[in-house]
Amino acid sequence: MAKTRTKLAELDPVWARIVEEAEQAVRDEPLLGGLVHSSVIYHGSLERALAYRISLKLTSGEMSAQILREICDEAYSSDPSLATDARADIAAVYDRDPACHRFLQPLLFFKGFLAVQAYRVAHWLWNEGRTDLALFLQMRVSEVFSIDIHPAARIGKGIMIDHAHSIVIGETAVVGDNVSLLHSVTLGGTGKDDQDRHPKIGNGVLIGAGAKVLGNIRVGDCSRIAAGSVVLTEVPPCKTVAGVPARIVGEAGCDQPAMTMDQILKNGA
């Protein structure tokens, strides 16, 4: 058994760690044994576990869990980057959320992580031309998780959405790698323009709770948007903006604000 575990860890250390944590969770809390076995231990890979969790959460009288699971299995089989990005997302949550103490937690309990993974499947469907099915998944994610991400939006890897309530990301929005968002963030459009109308968020950006970024504007790499701000104009890289409407109030405060999650303005920055 130890030899098998070693080989598995070499092939997929994220999944190996999740399985080990799941087995420990069952020992610690036997009443969760059914949940943990069905969601993790029963499956042979992160892809299979994600397909199960997404289908279980999004099932309704309109579409069975079995059909949803087959859709997810097809997506993960066709595009391995979906699961690669999911692994980066798990690591991001673990690294940046002080309430996350195990890799197992996002998969079982964090709706922000699950919503992003469901979005990734919907985005795959959208790119495959299966737009109605993609929009169905968007609807169910919004109903179940209170997170509304259009399947045409483009979102990078290493994404952490903390608390993850009332998030809105519009159709033409672009979110880079290693971005952190808190609850009630909106990446929205303005007016009735149906063309490219949503924000373009660079890599390593930190967006505070309740912030609204509106219009086809660029938020530069490694910048910070303070909680409650309304951003209507471009944000240069490595700056902090705050206020309504938002203005530059200083530097970002560090090289990677999305990693440190530091939202305190110090000496005007």
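Along each chain, residues carry numbers from 1 onward, in the same order as the chain's sequence is written. Local features in this predicted model are restricted to residues whose pLDDT is 70 or higher, and side-chain atom pairs enter the listing and the counts only when it is 80 or higher, whereas totals over whole chains, interfaces and linings include all residues. Note that water and hydrogens are dropped before the side-chain values are worked out from all heavy atoms of the structure.

Participant: I would appreciate a short explanation of the side chain of His123 in the present structure.
Facilitator: Tracing the backbone through its elements, the reader meets His123 in helix H8 (residues 111-127). Polar contacts here mean pairs of N or O atoms no more than 3.5 Å apart (in protein, one a potential hydrogen donor and the other a potential acceptor; neighbouring residues in sequence count only if both atoms are side-chain atoms). Only 3.1 Å separates the side chain of His123 from the backbone oxygen of Ala153, close enough to count as a polar contact. If sequence neighbours within four positions are ignored, His123 has contacts with Pro151, Ala152, Ala153 and Arg154. Comment: elements are numbered from the N terminus, with helices defined as DSSP H or I runs of at least four residues and strands as E runs of at least two. The criterion used for residue contact is that any of the two residues' heavy atoms lie within 4.5 Å.

Participant: Looking at this structure, I do not really get the nonpolar core. What am I missing?
Facilitator: In a soluble, globular protein the nonpolar side chains are often hidden away together inside. If you look at the biggest cluster of nonpolar residues, it comprises 81 residues, and the most contacted ones within it are Ile18, Val40, Tyr76, Leu187, Ile201 and Ile207. Tallying contributions element by element places H8 first for this core, with ten residues. Ignoring any residue separated from it by four or fewer positions in sequence, one finds Leu187 in contact with Val168, Ile169, Gly170, Ala173, Val175, His198, Pro199, Ile201, Ile207 and Val213. Among the buried residues, those of types Ala, Val, Leu, Ile, Met, Phe, Trp, Tyr and Cys that are joined through side-chain atoms within 4.5 Å form a nonpolar core. Relative accessibility thresholds used throughout: buried, under 20% of the residue-type maximum; exposed, over 50%; partly exposed, between the two (1.4 Å probe, protein chains only).

Participant: Where do I start with the packing of aromatic side chains in this structure?
Facilitator: The way to describe two aromatic rings as a pair is by their centre distance and the angle between their planes. Pairing of aromatic rings covers Phe, Tyr and Trp, the last counted by its six-membered ring, and requires centre-to-centre distances within 6.5 Å; plane angles under 30 degrees mean stacked, over 60 mean edge-to-face, and any other angle means tilted. What the rule picks out here adds up to one aromatic pair. Taking the centre distance of 5.0 Å and the plane angle of 70° together, the rings of Tyr94 and Phe103 count as edge-to-face. The ring of Tyr94 has Arg17 lying over it, and the distance from NZ or CZ to the ring centre is 4.6 Å. Definition used: whenever NZ (Lys) or CZ (Arg) falls within 6 Å of the ring centre and also within 35 degrees of the ring normal, the charge is taken to sit over that ring. Over the ring of Phe103 we find Arg17; its NZ or CZ atom is 4.1 Å from the centre of that ring.

Participant: What should I look at first to understand the environment of Ile71 in this one?
Facilitator: Turning to its location among the elements, Ile71 is positioned in helix H5 (residues 65-78). On a C-alpha basis, the gap between Ile71 and Ser81 in space is 16 Å, while along the polypeptide they are ten residues apart.

Participant: How should I be thinking about the sheet that holds strand S13 (residues 230-231) in this particular structure?
Facilitator: Hydrogen bonds between backbone atoms are what pair the strands of a sheet, whose relative direction is either parallel or antiparallel. Strands pair, by our definition, only if DSSP identifies at least two bridges between them. Across the sheet, which stays open at both edges, the five strands sit in the order S1-S4-S7-S10-S13 with parallel pairing between neighbours. On the outer flanks of this sheet lie strand S1 (147-149) and S13, each paired with one strand and no other. Looking at chain direction, strand S10 (residues 212-214) and S13 are connected through two bridges and run parallel. Looking at S13, one finds that Lys212 is bridged to Val230.

Participant: Got a minute to help me understand helix H3 (residues 33-41) in this structure?
Facilitator: Residues spaced three or four apart along an α-helix face the same direction, because each turn holds 3.6 residues. Among the residues of H3, Gly33, Val36, Ser39 and Val40 are the ones counted as buried. The arc that holds every buried residue of H3, seen down its axis, measures 155°, which confines them to one face. In this structure, the buried side of H3 is in contact with helix H2 (13-28), helix H4 (46-58) and helix H7 (104-109). Arc, as used here, means the arc of the directions from the helix axis to the C-beta atoms.

Participant: Which parts of the structure should I look at to understand the pairing of strand S15 (residues 247-251)?
Facilitator: On any regular strand, side chains alternate: one points to one face of the sheet, the next to the other face. Here strand S14 (residues 239-242) runs beside S15; their pairing, made up of four bridges, is antiparallel. In the strand pairing of S15, Thr240 is matched with Gly250. Where S14 hands over to S15, the hairpin turn is made up of four residues, of which Gly243 adopts a positive phi near 110°.

Participant: How should I be thinking about the pattern of salt bridges in this particular structure?
Facilitator: Should the charged atoms of two oppositely charged side chains come close, the side chains can pair. Take a side-chain nitrogen of Lys or Arg and a carboxyl oxygen of Asp or Glu: if they are within 4 Å of each other, that pair is a salt bridge. Per the stated rule, a full pass over the model turns up 13 salt bridges. A salt bridge links Arg87 to Asp12; the nearest nitrogen and oxygen atoms lie 2.5 Å apart. Taken as a pair, Arg87 in helix H6 (residues 81-96) and Asp12 in the loop between helix H1 (2-11) and H2 lie far apart in primary sequence, 75 residues in all. Residues Arg87 and Asp12 agree in their burial class; the two are buried. Salt-bridge contacts for Glu143 lead to Arg140; the nearest nitrogen and oxygen are separated by 2.6 Å. With Glu143 and Arg140 both in helix H9 (residues 131-145) and three residues apart, this pair spans about one turn of that helix. Under the relative-accessibility criterion, Glu143 is labelled partly exposed at 48%. Sharing partners across several salt bridges, the network here consists of Asp12, Glu47 and Arg87.

Participant: Hey, could you run me through H9 in this one?
Facilitator: Given a helix with a known number of residues, its expected span is that number minus one, times 1.5 Å. Counted at 1.5 Å a residue, the expected span for H9 with its 15 residues is 21 Å, and the 21 Å between its end C-alpha atoms agrees. Looking at H9, one finds that the buried residues are Leu133, Ala134, Phe136, Leu137, Gln138, Arg140, Val141 and Phe145. Immediately beyond the C-terminal end of H9, within one or two residues, lies Ser146, with a positive phi of roughly 60°.

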